[in-house]
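# Observations on the three-dimensional arrangement
Take a look at the letters that make up each chain.
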Amino acid sequence: MGKLFLLPLLFFFSITISCRDTKYIHEDRDETTPGAWFPMSINGNGFFIIRDQETGEQLFSKMGNFYLSLSDNLYYLVDPYGNSVQGWNTDINGNISGSITDIVFSTESEPMESGKISVIANLDKDVESQSQILSSEWNGAATPPISSSAYEYESTINVYDIDGLSHAITIYYDKISNAEWEYIITCNPTEDLRAGIEGTEAAGLLARGIISFNEGIGSITGITMSRHTGSGDWTELTSNDFNQDGYFEFVADFLGGTATRQVIALDMGVRWNGYSFVPDPLSTTQYANASTTIYISSDGNGIEALAGLTVNGNGLITGHYISESDIPLFMVSIARFTAPDKLQEEGNFIYSETQDSGPATISAPGANGTGSIVQGGIEDDPAFTDELFPQIGINGEGFFIVKHPDNDNFYFTRSGEFYFNRDGYLTTPEGYIVQGWAIDPGGNISGSLFDIVKRVFIQPRPTNKTTFITNLDSDQESNSTILSSAWDGTSYAPVSPVAYGYQTTVKTYDSLGSTHDITVYYDKVSNAEWEYLVTCNPAEDMRAGIEGTKAAGLLATGTISFNEVSGTITGITMSRLTGYDDWSILTSNDFNQDGYFEFVADFLGGTATTQEISLDMGIRWNGSSFVTDPLSTTQYASAATTVYQSANGYSPGVFVSETVDESGNIYFLYSNSITRKEWQIAIATFPNPHGLIGYEGNIYRETSRSGPPVTGLPCIDEVNCITVTE
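Here is what the cut-offs are and how they apply
Residues numbered from 1 in each chain as written. Predicted model: local features only at pLDDT ≥ 70, side-chain atom pairs only at ≥ 80, totals over all residues. Heavy atoms only, no water. Phe/Tyr/Trp six-rings, centres within 6.5 Å; stacked < 30°, edge-to-face > 60°. Helix = DSSP H or I, 4+ residues; strand = E, 2+ residues; numbered from the N terminus. Lys NZ or Arg CZ within 6 Å of the ring centre and 35° of its normal. Buried < 20%, exposed > 50% of the residue type's maximum accessible area, 1.4 Å probe, protein only. Contact = heavy atoms within 4.5 Å. 1 Å grid on protein atoms, 1.4 Å probe; cavity = no way out; pocket = protein on both sides within 12 Å on 5 of 7 lines; lining within 4 Å. Points joined across faces, edges and corners; volume = space filled by probe spheres on them. Nonpolar A, V, L, I, M, F, W, Y, C, P; charged D, E, K, R; others polar. Pairing = 2+ DSSP bridges. Axes fitted to C-alpha atoms, helices over the stretch in contact; angles between N-to-C directions. Patch = residues over 30% accessible without salt bridge, like charges linked within 9 Å, V, L, I, M, F, W, Y side chains within 5 Å. Areas by Shrake-Rupley, 256 points an atom, 1.4 Å probe, with all protein chains shown as cover. Salt bridge = Lys/Arg side-chain N within 4 Å of Asp/Glu carboxyl O.

## A word on the packing of aromatic side chains
- The full count for this structure, using the stated rule, is 31 aromatic pairs.
- Centroid distance Phe 47 to Tyr 351: 6.3 Å. Interplanar angle 70°. Geometry classified as edge-to-face. Of this pair, Phe 47 sits in strand 4 (residues 47-51) while Tyr 351 sits in strand 29 (residues 350-352), placing them 304 residues apart in sequence.
- Three or more aromatic residues link up through ring pairs in this structure, and these residues are Phe 389, Phe 420, Phe 655, Phe 668 and Tyr 670.
- The lysine or arginine in question, Lys 62, covers the ring of Phe 47, its NZ or CZ lying 5.5 Å from the ring centre.
- The ring of Phe 399 carries Arg 414 above its face, with NZ or CZ at 5.9 Å from the centroid.

Shown next, in the form of structure tokens:
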């Protein structure tokens, strides 16, 4: 949606107002009039309601050539003749209140007290605890009140008191265990005016609690909170203390007056649904990645300068402020008449109601048969432009499918000028949300059409397959009678270099994103057979009963069989180490669905944290016999070498950029160097596209003449392929 930017004030646009009824001719306003254009038109039935400022008479007009007149730090929305445009005040959620009135905007926002903060972070699972009890490290009488060595990470966000003054809220985090982190919520001690706490060592310490995580997948599972109510006094909250949205609330007092306590909800991405905790799609995590704040926001606002205004199809006018906060301000009102042709023309295409026209029926745009609002010709200020998406087009007669931002109705556009808005949704300039299909982990479309949204953070993916393709030197001699017997996980070097003929190592990932080296050691048994060991760092082997023993780090062993003449691989065996010196010999029933044996690791040592990882040496079981792959392990008379190796899985990552291909596939590149196909844009075609009717800007809606849309994929048989024009 375009935005009208008010700074500087004396800035004008040449605008043509589009009207359904051609008898309403646009008249240019004298450009010496102070203010800025804010033109609108009605796409359908209805009249704008205006008020004569001298007589107070209610009048009606099709003309939407409005502008903002500045007087005493107020912007009045008026027509070229000084008549005030009418509408309803709205609350913070955009709901109308009261009776219709003059639409007037202050040059500054009204302050609004903060009632909620959202702080979504990733906490590095590989760090150590810094404090025994984090809250005990706080001293509000000291500078600084807490040492940087007492905690592992911090996030700071501004909140606002009822007078619009901002105050920094800082959350400090410290690890307790692999499943828990402690946190404290604090403010500047000099701004903490709670009775009995002001000026004490407890000043600034508002609340504390524990965040619980699933050890295996790093997701948040719950949260506790205790409010600090006095020097050393804590009130532990229970399930009865969640607010209606399922969040705990802490209490601050920045003003120190009567009834100035401020209750603020804490959202870390998990909420109580009345029975249990439910994580949100974007929530605090514990992955093996540097601690970082992924998303942070606060409601409320201070006294801020108005930077721009927009109006949507439903007539909701939103103010955009210097801090980039968006606040609904007014709803434009529209009038309908049973006999509009019987209205009395008062001149300048302004009308008054008559007995024959019937009384005005007043409603919001789009309701009771009235048309929607179209905002015309407003340019964006680059400082407030949302994140650009590659400009795309359709090489054919198809249309992009977009959804109205305020309801679930679908519309259509040929314009491929899209943006990621501040909430991460891919939208048109008018704010309509682009539709597509989500891509599942297998790379296939899944589910129904959905709002295309940017994934700002991807979870780590644990390794479940390793590939080791080597050539093993046929001229080597055996180094050990039994290679596994040469392993000692309690030794600095768990296996001596003289015990094996070759080794190769690949990095793998656990479910929290930490990396772990998997090393395969090889030793020749005979001209037709080699023994191998699959190992990890003994200090990282957390398997129950094996951790800390000589067997630590020894995951599996087996033999590789070769054709003595051709040197090609002919088979493989595997035994898993399941306890100290206990081996489980795998059979043909133990191959996975791809025909590979799997070894088992546990790098986390929690509940259900074992990790099954397949071993691919270039040979697989097809259900009845071994089949070699085109690239496979060999035994030739050449120096042992690693021909190819890989492991799937990856660490967590943050969104970096996106690309689009001709089939409408949207690929996201993340900071961990992973590129993933996340979405596929949907295309609609019509039996008679010329039967579509304009709805708003470049947005169209279907009609009986156009026929219903047929939804499909771009670039099927090279029709309706996506073109990138930037």
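## Some thoughts on the environment of Glu 110
- Secondary-structure assignment places Glu 110 in the loop between strand 10 (104-106) and strand 11 (116-122).
- Exposure remark for Glu 110: the relative accessible area of 62% places this residue in the exposed category.
- For Glu 110 and Ile 303, which are 193 residues apart along the polypeptide, the C-alpha to C-alpha distance reads 5.9 Å.
- Among all residues touching Glu 110, those that are not within four sequence positions of it are Asn 301 and Gly 302.

## What to know about empty space enclosed by the protein
- As enumerated under the stated definition, the model contains four cavities of 30 Å³ or more in all.
- Of the volumes computed, that of the second largest cavity is approximately 50 Å³.
- Forming the boundary of the second largest cavity are Ile 572, Phe 591, Gly 595, Tyr 596, Phe 597, Leu 615, Met 617, Ile 619, Arg 620 and Phe 626.
- Each residue belonging to the lining of the second largest cavity can be placed in one class, and the counts come to eight nonpolar, one polar and one charged.

## Digging into the pairing of strand 8 (residues 84-90)
- In terms of burial, strand 8 is largely enclosed, as six of its seven residues are buried.
- When strand 4 meets strand 8, the two strands line up antiparallel, connected through two bridges. Among the inter-strand pairings, Ile 50 is bridged to a residue of strand 8, identified as Val 85.
- Note: strand 8 against strand 9 (residues 96-102), four bridges, orientation antiparallel.

## Section: the sheet that holds strand 49 (residues 597-601)
- With mixed pairing, the four strands of this open sheet are ordered in space as 49-50-41-53. With one partner strand each, in any of the chains shown, strand 49 and strand 53 (641-647) form the two edges of the open sheet. On average, each strand axis in the sheet is tilted by 25° relative to the strand beside it, whichever way the strands run.
- In this structure, strand 49 lies alongside strand 50 (residues 611-616), joined through five bridges in antiparallel fashion. Directly across from Glu 598, in strand 50, lies its bridge partner Ser 614.

## Looking at a nonpolar patch on the surface
- Side chains of Ile 445, Leu 713 and Ile 716 sit close together on the surface and give an oily, nonpolar patch of about 230 Å² of accessible area.
- Secondary-structure assignment places Ile 716 in the loop between strand 60 (710-712) and strand 61 (721-724).

Scope: geometric values only; no functional claims are made or implied.
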